[in-house]
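If you want the building blocks of each chain, they are given just below.
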Amino acid sequence: MAKRPYTPKDYFFRKAKESGLRARSAFKIDEIAGRFAIFKKGQAVVDLGAAPGGFLQIIVNEVGPTGTVVGVDLAAIRPLGRPNVKTAVLDVLADDFDAKLLEMHQGPFDVVVSDLAPKTSGIKSTDEARSLRLAGKALEISRTRGRAGGHFIAKLFMGGDFEQFRADGFTRVKVDVEVRELEEQIDLDKKYKHDVAVVVDRLVM
Ligand SMILES: C[S@@+](CC[C@H](N)C(=O)[O-])C[C@H]1O[C@@H](n2cnc3c(N)ncnc32)[C@H](O)[C@@H]1O
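Residues numbered from 1 in each chain as written. Predicted model: local features only at pLDDT ≥ 70, side-chain atom pairs only at ≥ 80, totals over all residues.

### Considerations on the environment of valine 46
- On the secondary structure map, valine 46 appears in strand β1 (residues 44-48).
- By C-beta crowding, valine 46 is classed as buried, having 27 other C-beta atoms within 10 Å.
- Non-local contacts of valine 46, meaning those with residues more than four positions away in its chain, are made with Val70, Phe109, Val112 and Val113. (Helix = DSSP H or I, 4+ residues; strand = E, 2+ residues; numbered from the N terminus. Buried ≥ 20, exposed ≤ 12 C-beta atoms within 10 Å, placed from the backbone. Contact = placed C-beta atoms within 7 Å.)

Pasting the structure below:
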């Protein structure tokens, strides 16, 4: 089937606007939450690459007022007006990122979410490599800051070293926590049909 051209004002874009959601990607996290029953009231969640805040809007409702949601991005996130959402402008690849994240939230995260995506250069191999670097960092954060029994959700560009990343990445995670079940490629967004996998993993001691 021929790829549909990307139209920024497509159905989901309009639907997101009508629903007061900041990004069409909010539907993705909503579907993941529904399919895997990942979020629970009172949880602590970190959202990496959170601007403009579409995921955050869904996640804060999932964890409720007793939960804590931390969102970071290179771009500023307009306040959500919810006291239990903390956001910061941070580069996840910066040397001091881990320390800054710790300042924002000291405890473990029940769910580590990454929708980190590089600015695309148009050069496939460069874009894939950048995406993998970001995904690798997200995986590292899930390993160092994720709670055993929690979840890791990441959106990755397919191709390039993707399979290698999975092999290496998930093997490394298993050093600390065993990763089992729930790993799936979810085709939530037809635009990305062959390019993006959403990987959902459960972290178990
Ligand atoms: C697809 S958008 C995220 C959309 C978001 N999930 C939402 O629902 O509103 C990807 C984000 O990754 C961010 N990003 C890319 N590289 C980053 C980095 N090194 N550190 C922090 N954020 C980064 C971009 O600024 C961009 O906002």
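Right, picking up where we left off after that structure.
### A word on unusual backbone geometry
- Alanine 51 connects to proline 52 through a cis peptide bond whose omega is 5°.
- Considering the arrangement of structural elements, one finds proline 52 in the loop between β1 and α3 (54-63).

### Details of the packing of helix α2 (residues 26-36) against α3
- Relative orientation of the contacting elements α2 and α3 amounts to 30°, with a least axis distance of 7 Å. One way to sum up the angle between α2 and α3 is to call them roughly parallel. Residues Ala26, Ile29, Asp30 and Ala33 of α2 touch α3, and the partners they reach there are Gly54, Phe55, Gln57, Ile58, Ile59 and Glu62.
- Taken together, the residues that form the contact of α2 with α3 break down as six nonpolar, two polar and two charged. (Axes fitted to C-alpha atoms, helices over the stretch in contact; angles between N-to-C directions. Parallel < 35°, antiparallel > 145°, perpendicular 65-115°, else oblique. Nonpolar A, V, L, I, M, F, W, Y, C, P; charged D, E, K, R; others polar.)

### Re the nonpolar core
- Among the nonpolar cores identified, the biggest contains 39 residues, and Val45, Leu48, Ile59 and Ala138 are the most heavily contacted of them.
- For this core, the secondary structure elements donating two or more residues are α2, β1, α3, β2 (68-73), β4 (109-114), α5 (124-145) and β5 (146-157).
- Those residues in contact with valine 45 that sit more than four places away from it in its chain are Ile59, Val63, Gly67, Val69, Phe109, Asp110, Val111 and Val113. (Core = buried A, V, L, I, M, F, W, Y, C linked by C-beta atoms within 7 Å.)

### Here's the deal with α2
- Every buried residue of α2 is listed here: Ala26, Lys28, Ile29, Asp30 and Ile32.
- Phi for alanine 37, located one or two positions after α2, is positive at around 45°.

### So, the environment of isoleucine 29
- Mapped onto the elements, isoleucine 29 comes out in helix α2.
- Looking at isoleucine 29, the number of C-beta atoms within 10 Å reads 26, which means it is buried.
- Between the alpha carbons of isoleucine 29 and isoleucine 59 there is a distance of 7.9 Å; along the sequence they are 30 residues apart.
- Contact partners of isoleucine 29, with chain neighbours within four places excluded, come to Phe55, Ile58 and Ile59.

### Examining α3
- Most of α3 sits inside the fold, with eight of its ten residues counted as buried.
- Taken residue by residue, α3 has Gly54, Phe55, Leu56, Gln57, Ile58, Ile59, Val60 and Val63 as its buried positions.
- One or two positions beyond α3, positive phi appears at glycine 64, with a value near 70°.

### Description of the environment of threonine 66
- Summarising the element assignment, threonine 66 is placed in the loop between α3 and β2.
- With 23 residues separating them along the chain, threonine 66 and glutamine 43 place their C-alpha atoms 7.6 Å apart.
- Every residue in contact with threonine 66, bar those within four places of it in the chain, is listed here: Lys41 and Gly42.

### As for the pairing of β2
- For β2, the tally of buried residues reaches five of six residues, placing the bulk of the element in the interior.
- Two strands pair when backbone bridges link them, and β1 and β2 are joined in this way by five bridges, in the parallel orientation. Looking at β2, one finds that valine 46 is bridged to valine 70.
- On the question of chirality, the crossover connecting β1 to the parallel β2 by way of α3 is right-handed.
- In terms of strand pairing, β2 meets strand β3 (residues 85-89) through five bridges, oriented parallel. Directly across from valine 69, in β3, lies its bridge partner valine 85. (Pairing = 2+ DSSP bridges. Right-handed = clockwise from strand over helix to strand, strands pointing away.)

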